[in-house]
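Chain residues, written in single-letter form:
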Amino acid sequence: MSKGWCWQRVEATFPENQMKSIFRAFDTNGDGKLSRKELKVCFKSCGLRFAGFGAWRAIRRVDANGDGMIGEDEIDELIKYVSKWGIIVTP
């Protein structure tokens, strides 16, 4: 029996620029940053289980400046982080 959280792996391949566009599309207020709520909606639409928890974890792992949001300069790290969940990003 495995321990810890069991993430649903999403088998999908996206070019890097398309993945960035997907994240930008969920920036509903247009401030150039993804809030936890916006990230949760994005993850849910991608079919990830526990999207709220995933959004919280992603922000904790990726948010370099500590503002609680994912900015344009942190998108590349977000892409690396979500690739652990089975989302393959190609150059």
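Going by the structure above, here's the rest.
In this text the structure is predicted, and so the values were computed from the model without any measurement.

Peer 1: For the overall build of the chain, give the residues involved together with the corresponding values.
Peer 2: Per the secondary structure count, the chain includes four helices and four strands. Secondary structure elements of the chain, listed N to C terminal, follow the sequence β-α-β-α-α-β-α-β. Looking at the chain as a whole, 38% of its 91 residues qualify as buried. Within the chain, contacts between residues at least 6 apart in sequence are counted, and of these 59% link residues at least 24 apart. Surface exposure of the chain reaches about 5700 Å², of which carbon and sulfur atoms provide 53%.

Peer 1: Tell me about the nonpolar core, and please be specific about residues and values.
Peer 2: Ranked by internal contacts, the top residues of the largest apolar core, which has 22 residues, are Phe-23, Leu-34, Leu-39, Phe-43, Ile-70, Leu-78 and Val-82. Of all the secondary structure elements, the ones that give two or more residues to this core are α1 (16-25), α2 (36-45), α3 (51-62) and α4 (75-82). In this view, Leu-39 contacts Phe-23, Leu-34, Ala-55, Ala-58, Ile-59, Ile-70 and Leu-78; residues no more than four positions away in its chain are not counted.

Peer 1: A description of the environment of Ser-35 should follow, citing residues and the corresponding values.
Peer 2: Relative to the assigned elements, Ser-35 resides in the loop between β2 (33-34) and α2. Along the primary structure Ser-35 and Ala-55 are separated by 20 residues, whereas in three dimensions their C-alpha atoms are 8.7 Å apart. Leaving out residues up to four positions away in the same chain, Ser-35 has contacts with Ile-59 and Met-69.

Procedures and definitions
Residues numbered from 1 in each chain as written. Predicted model: local features only at pLDDT ≥ 70, side-chain atom pairs only at ≥ 80, totals over all residues. Heavy atoms only, no water. Helix = DSSP H or I, 4+ residues; strand = E, 2+ residues; numbered from the N terminus. Buried < 20%, exposed > 50% of the residue type's maximum accessible area, 1.4 Å probe, protein only. Contact = heavy atoms within 4.5 Å. Areas by Shrake-Rupley, 256 points an atom, 1.4 Å probe, with all protein chains shown as cover. Core = buried A, V, L, I, M, F, W, Y, C linked by side-chain atoms within 4.5 Å.

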